[in-house]
Each structure stands twice: as C-alpha cells, then as structure tokens.
Amino acid sequence: MESFRKLLLANKAFVQDKMSVDAQFFRHSALDQKPEFMWIGCSDSRVPAEEITGTQPGELFVHRNIANLVVHTDFNMLSVLQYAVEVLQVKHVIVCGHYGCGGVKNAMGRKDLGLINKWLRHIKDVYRLYSRELETISDPVARFDRLVEANVMEQVQNLAETSIVQRAWHDRKMPEIHGWVYDMRTGYLKELARMQPGAKLDPIYSFEWDDDIES
Ligand code: CO
C-alpha cells in the first residue's frame, strides 16, 4: 500500500469513530464553530496541538509556523489572529513552543540556510535580548531549552503589542494570552507566562483609543 493511503483509510475510521458516539457529529460541526482557544504553535510534526491538549474538532483555532513566531508584519498570522479575536472572540490565545525546536536550534547556529534565514532572524533577535542570561548557561542543552522558553515569552509580548489584541482588551476585556512550552521528552506542557487583558505594556507599544482621551 502506498503510504499516503494509510491517511485516507484512517479518515474512514475517524468518521466511524465520531459517528458511533454521536450520529449527528458532522451535521452539527458543519453548522458553525465557536472555539474558545486560539493556538499558535510550531509546525513540528511531533507537536500536534489537538492531540496534546485533548481537544476535539471545533475547540481549537490553530495557526502553526516554524518556531511559533508572532511577527508583526506576518499577514498570515495576523489574519488568523484578527479572525480569532474579532469574529470568533476566543477567550484565550496560547503560544506554545517546544524543547528541541529545530527552528530555535538553527537560529543558534551561524550557517547560511537561504530563505529561512529571514524567518530565523527573529529568534536571533530574541537571543540577543537574552544573551547575558543565556551565555551564563554552560550546558548547551540547558541553554537551548532556555532560548526556547525566552522565544515563547517574547511571542507573548509580541501578541500583546498588536493593535488587534489591545483593541479587544479595551473593548471586551479579552483575550487572555498564555505562553506554554511542550516537552517532547515527557509529553507534558508547562505554563511559562500568562497575560491578563489590560496588562501594562511599554508605553511605546501601547495604543491610545479615542474614548480614553475624551474621558
Ligand atoms: Co519547532
């Protein structure tokens, strides 16, 4: 059997499985979606968002890219974020990194990798921000782990700095932003950061709204 056929077969099993629990499952799920969570994760095949969080179709609105970056000029990520926050009105946005991330690993190196240099450059900027701390860590695995964590923390900040999130904080006191890291060595998720709506930002990144100025 050609390897890809396995996926089509598994899909038939998936349908049967869902129908056996709820015969109306697909009829209902086709009507609408109202996910409570947006997930920004790494494209890595070992970090399947729904599987590691035990979420079902309809629960998680997902964006994945290399090294789970929130780049403020990335129209793809921003479009997903805007739809999630403004239309679906998700309550939580979760940025999830993972130890052993190939994107972070390569960003720590000095090889010219072509186009992807441009993407990994954002992680090099995180390295520079945390370089004093990182360079005190002599164990290379521990240093790599710490950069993975620092990268998540920075992406949480980047999310809070978008006008999309700040406007929603102002108008609806939503969403909450979370920074998590997944450990492929154990299967566990770890909470690193949590940002409540209205959290204080560096003033240079903090937008002013008309009704704030009037009152
Ligand atoms: Co990765």
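Conventions we followed
Residues numbered from 1 in each chain as written. Predicted model: local features only at pLDDT ≥ 70, side-chain atom pairs only at ≥ 80, totals over all residues. Heavy atoms only, no water. Helix = DSSP H or I, 4+ residues; strand = E, 2+ residues; numbered from the N terminus. Buried < 20%, exposed > 50% of the residue type's maximum accessible area, 1.4 Å probe, protein only. Contact = heavy atoms within 4.5 Å. Areas by Shrake-Rupley, 256 points an atom, 1.4 Å probe, with all protein chains shown as cover. Lys, Arg positive; Asp, Glu negative; His and termini not counted. Charge placed at Lys NZ, Arg CZ, Asp CG, Glu CD. Donors = N, O, S within 2.8 Å, 3.2 Å for Na, K, Ca; no water. Patch = residues over 30% accessible without salt bridge, like charges linked within 9 Å, V, L, I, M, F, W, Y side chains within 5 Å. Salt bridge = Lys/Arg side-chain N within 4 Å of Asp/Glu carboxyl O. Pairing = 2+ DSSP bridges. Axes fitted to C-alpha atoms, helices over the stretch in contact; angles between N-to-C directions. Phe/Tyr/Trp six-rings, centres within 6.5 Å; stacked < 30°, edge-to-face > 60°. Core = buried A, V, L, I, M, F, W, Y, C linked by side-chain atoms within 4.5 Å.

K.L.:
Tell me about the overall build of the protein chain, and name the residues and values.
P.N.:
When its secondary structure is counted, the protein chain shows 10 helices and 5 strands. Based on the C-alpha atoms only, the size of the protein chain along its principal axes is roughly 55 × 55 × 30 Å. Of all 215 residues assigned to the protein chain, the portion counted as buried reaches 38%. Contacts in the protein chain between residues far apart in sequence, at least 24 positions, make up 63% of those at least 6 positions apart. With an accessible surface of roughly 13200 Å², the protein chain has 54% of that area assigned to carbon and sulfur atoms. Side-chain charges in the protein chain split into 26 positive and 30 negative, and the spacing between the mean points of these groups amounts to 7 Å.

K.L.:
Account for the coordination of the cobalt ion, naming residues and giving values.
P.N.:
Protein coordination at the cobalt ion: the donors are Cys42 (SG), His98 (NE2) and Cys101 (SG), at 2.1 to 2.3 Å from the metal. Read from N- to C-terminus, the donor residues coordinating the cobalt ion fall into the pattern C-x55-H-x2-C. Of this pair, Cys42 sits in strand E1 (residues 37-42) while Cys101 is found in the loop between strand E3 (92-98) and helix H5 (102-108), placing the two residues 59 residues apart along the sequence. A relative accessible area of 5% means that Cys42 is categorised as buried.

K.L.:
Which residues make up a nonpolar patch on the surface, and what values do they have?
P.N.:
Together, Phe14, Val15 and Met19 give the surface a local cluster of nonpolar side chains, amounting to about 220 Å² of exposed area. Looking at the element boundaries, Phe14 is found in helix H1 (residues 5-21). For Phe14, a relative accessible area of 35% gives the class partly exposed.

K.L.:
Break down the sheet that holds strand E2 (residues 60-65) for me, with residues and values.
P.N.:
The strand order across the open sheet formed by 5 strands is E2-E1-E3-E4-E5, and the pairing between neighbours is mixed. Edge positions in the sheet fall to E2 and strand E5 (189-195), since each has one partner strand and no second. In this sheet, neighbouring strand axes are inclined to one another by 20 degrees on average, regardless of whether the strands run parallel or antiparallel. Where E1 lies against E2, 6 bridges are found, and the strand directions are parallel. Looking across to E2, one finds that Trp39 is bridged to Val62. Sheet strands in contact with helix H4 (residues 75-87) are E1, E2 and E3, and its direction is about 170 degrees off that of E2.

K.L.:
I'd like a description of the packing of aromatic side chains, backed by residues and values.
P.N.:
With the rule as written, the count across this model stands at 5 aromatic pairs. Where Phe14 meets Phe26, the ring centres are 5.8 Å apart and the plane angle is 75 degrees; that geometry is what we call edge-to-face. Of this pair, Phe14 sits in helix H1 while Phe26 sits in helix H2 (residues 25-29), placing them 12 residues apart in sequence. When its relative accessible area of 28% is taken as the criterion, Phe26 is described as partly exposed. Relative to Tyr83, the ring of Phe61 lies with its centre 5.8 Å away and its plane at 35 degrees, an arrangement referred to as tilted. Residue Phe61 is found in strand E2, and its partner Tyr83 is found in helix H4; the two are separated by 22 residues along the sequence. Judged by its relative accessible area of 15%, Phe61 is buried. A relative accessible area of 39% places Tyr83 in the partly exposed class. Through a chain of ring-to-ring contacts, the aromatic side chains of Phe14, Phe25 and Phe26 assemble into a single cluster.

K.L.:
Report on unusual backbone geometry, specifying residues and quantitative values.
P.N.:
Met174 connects to Pro175 through a cis peptide bond whose omega is -5 degrees. Within the fold, Pro175 resides in the loop between helix H9 (163-172) and strand E4 (176-182). In this structure, Asn68 is a non-glycine residue whose phi angle is positive, near 45 degrees. Structurally, Asn68 is set in the loop between E2 and H4. Assessed through its relative accessible area of 2%, Asn68 is described here as buried.

K.L.:
Describe the nonpolar core, listing the residues and the values that go with them.
P.N.:
By size, the foremost hydrophobic cluster in this structure holds 24 residues, and its most contacted members are Met38, Leu81, Val93, Leu159, Ile177 and Met195. Of all elements in the fold, only E1, H4, E3, helix H8 (140-160) and H9 reach the threshold of two or more residues within this core. At 6 residues, H4 tops the list of elements feeding residues into this core. When residues no more than four places from it in sequence are discounted, the contact partners of Met38 are Phe61, His63, Val80, Leu81, Ala84, Val90, His92, Val93 and Ile94. Judged by nonpolar contacts, the second largest core, of 18 residues, contains Cys101, Ala107, Val126 and Phe144.

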